[in-house]
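# Observations on the model geometry
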Amino acid sequence: MPLVYSGIVTIAITVLVYYFNKRTVIGKWKPLYKQTLYGVLFACAAIFATEFGGYNYSGAIINSRDAAIILGGLLFGPWTGILGGLLAGAERFFISTGIFGVGAYTQIACTIATVFAGCFSALFYALIFRKH
């Protein structure tokens, strides 16, 4: 069930960001400001998935951290994915291992995967939505 909860949080943030982008003054902000705000929001969703949305399967914690980063980068711009990946990766490296004791043996691998997820989402955004 924790994976379902973290997925619901990610989807809820996506819907709210889309709604606020279309119907409020946030939609009129410069793209860099919007993508910075969205990057922080999707990093929060990824951190929630890391800390509270994991499922213990034979001693390994399975979570959907990278899904939030990829979704943010693909839907809301490349800087959203990059910033979200950097923030969630930094949290995974510095905080979750020390405070929560989450997977110290996968600390570096999970950090690199999260940062790469943000970079790949930016690359995919550029390849898919590039104006010809």
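You'll find the structure just up there.
Below or above, wherever it landed, is the structure these notes cover. (Residues numbered from 1 in each chain as written. Predicted model: local features only at pLDDT ≥ 70, side-chain atom pairs only at ≥ 80, totals over all residues. Heavy atoms only, no water.)

Where charged atoms of side chains with opposite charge meet at close range, the side chains can pair. All chains considered together, the criterion is met by one salt bridge. Asp66 is the partner of Arg65 in a salt bridge, and the nearest nitrogen-oxygen pair spans 3.9 Å. Taking relative accessible area as the criterion, Arg65 reaches 6% and is therefore assigned buried. (Salt bridge = Lys/Arg side-chain N within 4 Å of Asp/Glu carboxyl O. Buried < 20%, exposed > 50% of the residue type's maximum accessible area, 1.4 Å probe, protein only.)

Further remarks concern helix α1 (residues 2-23). With 22 residues, α1 ought to run about 32 Å at 1.5 Å a step, and its terminal C-alpha atoms sit 31 Å apart, in line with that. Among the residues of α1, Ser6, Thr10, Ile13, Thr14, Val17 and Asn21 are the ones counted as buried. End-on, the buried residues of α1 take up no more than an arc of 100 degrees, which puts them together on one face. The exposed residues of α1 that point more than 90 degrees off its buried face are Ile11, Val15, Lys22 and Arg23. On its buried side, α1 packs onto α2 (31-51) and α3 (65-76). (Helix = DSSP H or I, 4+ residues; strand = E, 2+ residues; numbered from the N terminus. Expected span 1.5 Å × (residues − 1). Arc of directions from axis to C-beta. Contact = heavy atoms within 4.5 Å.)

What follows covers α3. When the terminal C-alpha atoms of α3 are compared, their 17 Å separation across 12 residues agrees well with the 16 Å that a helix rising 1.5 Å per residue should span. Restricting attention to buried positions, one finds in α3 the residues Arg65, Ala68, Ile69, Gly72, Gly73 and Phe76. The buried residues of α3 occupy one face: seen down the axis, they fall within an arc of 120 degrees. Immediately beyond the C-terminal end of α3, within one or two residues, lies Gly77, with a positive phi of roughly 120 degrees.

Our next topic: the nonpolar core. The tendency in soluble globular proteins is for nonpolar side chains to be buried as a group. Of all hydrophobic cores here, the largest spans 12 residues; its members are Ile13, Val17, Ile26, Tyr38, Phe42, Ala45, Ala46, Ala68, Ile69, Phe76, Ala88 and Ala117. Elements with a minimum of two residues in this core: α1, α2 and α3. Excluding anything up to four places from it in sequence, Tyr38 contacts Val17, Asn21, Ile26, Phe76 and Thr80. (Core = buried A, V, L, I, M, F, W, Y, C linked by side-chain atoms within 4.5 Å.)

Contact geometry of α3 with helix α5 (residues 107-129) gives a least axis separation of 8 Å together with a crossing angle of 25 degrees. With respect to each other, α3 and α5 are oriented roughly parallel. Note that α3 runs across α5; the crossing there is right-handed. Of α5, the residues touching α3 (which contributes Arg65, Asp66, Ile69, Ile70, Gly73 and Leu74) are Cys110, Ala113, Thr114, Ala117, Gly118, Ser121, Phe124, Tyr125, Ile128 and Phe129. Among the residues forming the contact of α3 with α5, the class breakdown is 10 nonpolar, four polar and two charged. (Axes fitted to C-alpha atoms, helices over the stretch in contact; angles between N-to-C directions. Parallel < 35°, antiparallel > 145°, perpendicular 65-115°, else oblique. Left-handed = near helix turned anticlockwise from the far one by under 90°. Nonpolar A, V, L, I, M, F, W, Y, C, P; charged D, E, K, R; others polar.)

Turning next to a nonpolar patch on the surface. A grouping of Phe93, Phe94, Ile95, Ile108, Ile112, Phe116, Phe120, Leu123, Phe124, Leu127, Ile128 and Phe129 is seen on the molecular surface, where their side chains present a nonpolar patch of about 1200 Å² in accessible area. Among the secondary structure elements, those contributing two or more residues to the nonpolar patch are α4 (78-100) and α5. The greatest single-element share of the nonpolar patch, amounting to nine residues, is contributed by α5. Inspection of the secondary structure puts Phe94 in helix α4. (Patch = residues over 30% accessible without salt bridge, like charges linked within 9 Å, V, L, I, M, F, W, Y side chains within 5 Å. Areas by Shrake-Rupley, 256 points an atom, 1.4 Å probe, with all protein chains shown as cover.)

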